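Coordinate analysis (summary)
As a plain string of letters, each chain reads:
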2 protein chains.
Amino acid sequence: MQKRVSLKDIANKVGVSIALVSYVINGQEKEKRVGAEVVKKIREAAEELNYQPNQIARSLRMKSTKTIGLIVADIANPFFGHLARIIENEASNQGYTVIFGSSDEDQFKSESLINTLSNRQVDGFIIVPTEGTIGQIRELAKKKTPFVLVDRYFPEINASHVVLDNYRATYDATVQLINEGYRNISLCAYELDLIHMKERIRGYREAMQYNNLAENLHLVEIRPEHYKEDIGKAFDEIVAVQKESRALIFATNALSVYGLYCIQKKSLKIPKDIAFFGFDGGESFDLFDPPLSFVQQPLEEMGKESFNVLLNLINGSSKITQVMLSPALIVRNTVNT
Amino acid sequence: MQKRVSLKDIANKVGVSIALVSYVINGQEKEKRVGAEVVKKIREAAEELNYQPNQIARSLRMKSTKTIGLIVADIANPFFGHLARIIENEASNQGYTVIFGSSDEDQFKSESLINTLSNRQVDGFIIVPTEGTIGQIRELAKKKTPFVLVDRYFPEINASHVVLDNYRATYDATVQLINEGYRNISLCAYELDLIHMKERIRGYREAMQYNNLAENLHLVEIRPEHYKEDIGKAFDEIVAVQKESRALIFATNALSVYGLYCIQKKSLKIPKDIAFFGFDGGESFDLFDPPLSFVQQPLEEMGKESFNVLLNLINGSSKITQVMLSPALIVRNTVNT
DNA sequence: TTTGATTATTTAAACGTTTAAGCATATATT
DNA sequence: AATATATGCTTAAACGTTTAAATAATCAAA
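Here the structure is a predicted model, which means the values were calculated and not measured.

The next thing to look at is the domain arrangement of chain A. Each assigned domain of chain A is listed here: domain 1 (7-53), domain 2 (64-163 + 300-324) and domain 3 (166-298). Using only C-alpha atoms to locate each centre, domain 1 of chain A and domain 3 of chain A end up separated by 64 Å.

Moving on: the layout of surface pockets. In this structure, the second largest pocket spans a volume of roughly 1,300 Å³. For the lining of the second largest pocket, the elements supplying multiple residues, two or more each, are helix 4 (55-62), helix 6 (107-119) and helix 7 (134-142) of chain A together with helix 2 (18-25) and helix 4 (55-62) of chain B. The element that contributes the greatest number of residues to the lining of the second largest pocket is helix 4 of chain B, accounting for 5 residues. Taken together, the residues that form the lining of the second largest pocket break down as 15 nonpolar, 15 polar and 9 charged.

In this section: the interface of chain A and chain B. Across the contact, 60 residues belong to chain A and 60 residues belong to chain B. Between chain A and chain B we count 4 salt bridges in total. Its salt-bridge partner being R85(A), residue D104(B) comes within 2.8 Å of it at the nearest N-O pair. Applying the counting rule to chain A against chain B returns 26 residue pairs in polar contact (both at pLDDT 80 or more). Those elements giving two or more residues to the side of chain A that touches chain B turn out to be helix 4, helix 5 (78-93), strand 2 (97-102), helix 6, helix 11 (253-265) and helix 12 (283-287) of chain A. Looking at the side of chain A that touches chain B, its residues break down into 21 nonpolar, 24 polar and 15 charged.

Further remarks concern the environment of N26(A). Residue and element names in this part refer to chain A. Following the sequence through the fold, N26 ends up in the loop between helix 2 (18-25) and helix 3 (36-49). We classify N26 as partly exposed; its relative accessible area is 37%. For the pair formed by N26 and I126, sequence separation is 100 residues and the distance between their alpha carbons is 29 Å. A polar contact is formed between the side chain of N26 and the side chain of R58, at a distance of 3.0 Å.

Turning our eyes to something else, we now look at the protein's contact with DNA strand D. Near DNA strand D you find 27 residues, and of these S22(A), R61(A), S17(B), R33(B) and G35(B) are the closest. Among atoms of DNA strand D positioned within 4 Å of the protein, sugar and phosphate together represent 59%. The backbone of A57(A) places a nitrogen or oxygen atom 3.3 Å from a base nitrogen of DNA strand D. Contact between DNA strand D and K63(B): a phosphate oxygen at 3.0 Å from a side-chain N or O atom of the residue. Taken together, the elements giving at least two residues each to the surface near DNA strand D come down to helix 2 and helix 4 of chain A together with helix 2 and helix 4 of chain B. Grouping the amino acids of the surface near DNA strand D by side-chain chemistry returns 14 nonpolar, 7 polar and 6 charged.

Another point: the relation of the copies chain A and chain B. Here chain A sits on chain B after a turn of 180° about the axis and a move of 0.0 Å along it, with an RMSD of 0.0 Å. The transformation just described matches what one would write down for a two-fold rotation axis. Both copies share a contact surface, since 100% of the interface residues of chain A are interface residues in chain B too.

At the junction of I270(A) and P271(A), the peptide bond is cis and its omega measures out at 0° in the coordinates. Mapped onto the elements of the fold, P271(A) is located in the loop between helix 11 and strand 9 (275-279). Backbone geometry at N50(B) places phi at a positive 55°, although glycine is not the residue there. Positionally, N50(B) belongs in the loop between helix 3 (36-49) and helix 4. Exposure remark for N50(B): the relative accessible area of 41% places this residue in the partly exposed category. Unlike most non-glycine residues, E105(B) shows phi in positive territory, near 60°. In this fold, E105(B) is placed in the loop between strand 2 (97-102) and helix 6 (107-119).

A few words now on the nonpolar core. In terms of nonpolar packing, the biggest core is built from 190 residues, with F125(A), I185(A), F125(B) and I185(B) touching the most fellow members. Here F125(B) is in contact with G69(B), I71(B), I114(B), L117(B), S118(B), L140(B), T145(B), P146(B), F147(B), V148(B) and L310(B), once residues within four sequence places are set aside. Among the nonpolar cores identified, the runner-up in size contains 12 residues, and I10(A), V14(A), V34(A) and V39(A) belong to it.

The full set close to DNA strand C counts 28 residues, and S17(A), G35(A), S22(B), R58(B) and R61(B) are the nearest of them. Between DNA strand C and the protein, one listed contact pairs a phosphate oxygen with a backbone N or O atom of S17(A) at 2.7 Å. Listed by contribution, the elements that provide at least two residues to the surface near DNA strand C are helix 2 and helix 4 of chain A together with helix 2 and helix 4 of chain B. Residues belonging to the surface near DNA strand C are distributed by class as follows: 14 nonpolar, 7 polar and 7 charged.

All names here are of chain B. Within the open sheet, the 6 strands sit side by side as 7-6-8-9-10-12. Their pairing is mixed. Because the sheet does not close on itself, it has two edges, and the strands there are strand 7 (218-222) and strand 12 (328-330). Each strand of the sheet is rotated relative to its neighbour by a mean of 20°, with strand direction disregarded. As paired strands, strand 6 (residues 184-190) and strand 8 (residues 246-250) are joined by 5 bridges and run parallel to one another. Bridge pairing links C188 to F250 in strand 8. Across the sheet, helix 8 (residues 166-179) is in contact with strand 6, strand 8, strand 9 (275-279), strand 10 (293-296) and strand 12; its angle to strand 9 comes to roughly 165°. Along the sheet, helix 11 (residues 253-265) makes contact with strand 6, strand 7, strand 8 and strand 9, crossing strand 9 at roughly 150°.

Calculation criteria
- The numbers attached to residues start from 1 for each chain and follow its sequence in the written order.
- Starting at A for chains and at 1 for ligands, labels are handed out in the order in which the entities are written.
- Whole-chain, interface and lining totals are the exception, using all residues; otherwise, since this is a predicted model, local features are given only for residues with pLDDT of at least 70 and side-chain atom pairs are given and counted only at 80 or more.
- Side-chain descriptors were evaluated using all non-hydrogen atoms of the structure, hydrogens and water having been removed beforehand.
- Domain limits in this description derive from either an automatic procedure or a database domain assignment.
- With a 1 Å grid laid over protein atoms only, a set of points is called a cavity when a 1.4 Å probe fits there but cannot get out and a pocket when it is open yet has protein on both sides within 12 Å along at least five of seven lines; lining residues have an atom within 4 Å of a point.
- Grid points are joined across faces, edges and corners, and a volume is the space filled by probe spheres set on the points.
- Numbering goes from the N terminus for both helices and strands, where a helix is a DSSP run of H or I of at least four residues and a strand is a run of E of at least two.
- Residue polarity is assigned by list, with Asp, Glu, Lys and Arg as charged and Ala, Val, Leu, Ile, Met, Phe, Trp, Tyr, Cys and Pro as nonpolar; anything else, Gly included, falls into the polar class.
- Contacts between residues were defined by any pair of non-hydrogen atoms, one from each residue, lying within 4.5 Å.
- Any carboxyl oxygen of Asp or Glu within 4 Å of a side-chain nitrogen of Lys or Arg constitutes a salt bridge here.
- For the purposes of these results, a polar contact is taken to be a pair of N or O atoms within 3.5 Å, where, inside protein, one atom must be able to donate a hydrogen and its partner to accept one; residues adjacent in sequence count only when each atom of the pair is a side-chain atom.
- Remark: exposure states derive from per-residue accessible area (1.4 Å probe, protein chains only) relative to the maximum for the residue type, with buried under 20%, exposed over 50%, and partly exposed in between.
- Note on terminology: near, applied to a residue and a molecule or strand, indicates that one of the residue's heavy atoms is within 4 Å of it.
- In superposing the copies, a least-squares fit is computed on C-alpha atoms, taking residues whose pLDDT is at least 70 in both.
- Throughout, nonpolar core names a set of buried Ala, Val, Leu, Ile, Met, Phe, Trp, Tyr and Cys residues whose side chains join them through atoms within 4.5 Å.
- DSSP bridges decide pairing: two strands pair if at least two such bridges lie between them.
- Between the N-to-C directions of two axes lies an angle of 0 to 180 degrees, each axis being a line fitted to C-alpha atoms and, for a helix, fitted only over the stretch in contact.

Shown next, in the form of structure tokens:
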């Protein structure tokens, strides 16, 4: 790394003090009444030396890094990748950069990430919180660190969040299937103590109950670490027990994709043998023949909104903003079409 | 943001100088001969006040931020998302954090990203370079900024890189299809002035020539901004002209996925009507019936290797390391199976 | 011709670290 | 007893900015 040029270098070259150079570089030559001649010389010297400000020094002095920390479950997961991309764009438009980390749904990794990023003095966090991290989030709130939770949140904590209306997502999907004539509708969800999952389960459950299908309620709870095994078992059971009017709703994208894989393996046809309702888009859903139905999350809104809420907090607002975004049903493989 | 505790706070509490506290915090109490009693007091105070070092201040002083900049084409693209994830892990293991940015294959965004991250004093870069950015890369080299190019590189620049053996990837895929008995083999690639694409095209071309199929050579060049239109046209042409023994190789994942979409739309059956060879894995390839063949990139190696090469450069090595990784063919939908 | 205001510039502290150098004091060596 | 060495701690500069305050120079008003 070659030595970078600093304000001092410009000051020396022009023969003025560092302060003047700083004023000019920051466009404060008017307020600070810098002489026209000097302004010109400083500008030229900066240009000539190709001066680039040292953000680290500036951050130290200003106590603001113009950097946010983004903690997702896994950046390799396209859902979070997309979200990250949208947040990155929004941040960049506002002069912020993003440091990211993947928690892997592990509370210890989450804790270590929060610490690392805090020590790097990020101005705020956007966090997809993981099971068991409620204490960490509480701690952030206690320290008055600006942060926004996305995708999931803790109802016990009064903090800003931007999430999907998960209840409505599965409720609507279930009703859609009921309207299409299905009766044996199962929901495949993670066994997870996080509100978004609980809500998705509740949406399904209530939709079934309100439509007098309580006795057909069939909730398949999948252990995240054994999802392949558990989904496999669930299929065996469904195929053995339900003989007709079968439909399957998946509560996450990963579950949907592996579910599809099983459906293929068992040579079941969608929607003839079993109807399918996935979560989040994905290339496979379009490629299927016929294309598959799924719950679509408003990712763009989710990303933009979460950054903007965070920005407000960073700028000193203490208003807590809780946003619940509406899902959209992309309905395609109905028996009727 | 609550005021964070600094070395000074600890020093005041214990009643010693800041220097002593720094020594103890950094585990230098032996070398710097700090009294046992004082060490204990400082440790206790640090614990009690929950001291967390300010990395920004440390960075300024040490001229090292323990941060790297990662510039990919698009973090939302699962290929880059995975790569980012692997790099993130590797970096984290070595005490580094990652600031990322997506260039969108746009040279101006790339330039602005490089500048922003440089000003944030990243210790080095991992870059997936974009068309037209050779000047920016040259500039980095000139300034002796540590960097590693991944996925693509510029043969004109003597710098470290970690890439796939792209020539072999398409060469092997082509030969595989020839061995399966296909004769009318087309390659669908981007019209792009980047070495990885050129090499993929060359691999296909030479495989055809060496097997006396030069007259069947059919290269479909897709304009990145009009890929849907161009792929559509290509299909019309292929279906119209080639009547039998048809096979299609795609030079990137995105092309593969949209290609699949077209194949579905045209109700072509794989491999009966047309054989398929994709690039990079992807959930859809497994879900297809029968599962699809593709060229697999050693992502794990690519990520780890690129970070380690970068780390060497950061640590002062001036050795240029150029790594070419071998692709693997995942062969599945052959006519023979 | 002093005073006051205006204009242009410098000084210096601060942000939170790290670390070389200096300064006491105690202990060991001759 | 004088000197050398070891021990324990402090001082202060440095990293590259920002910015309030001080200073100096110029000019206008009285």
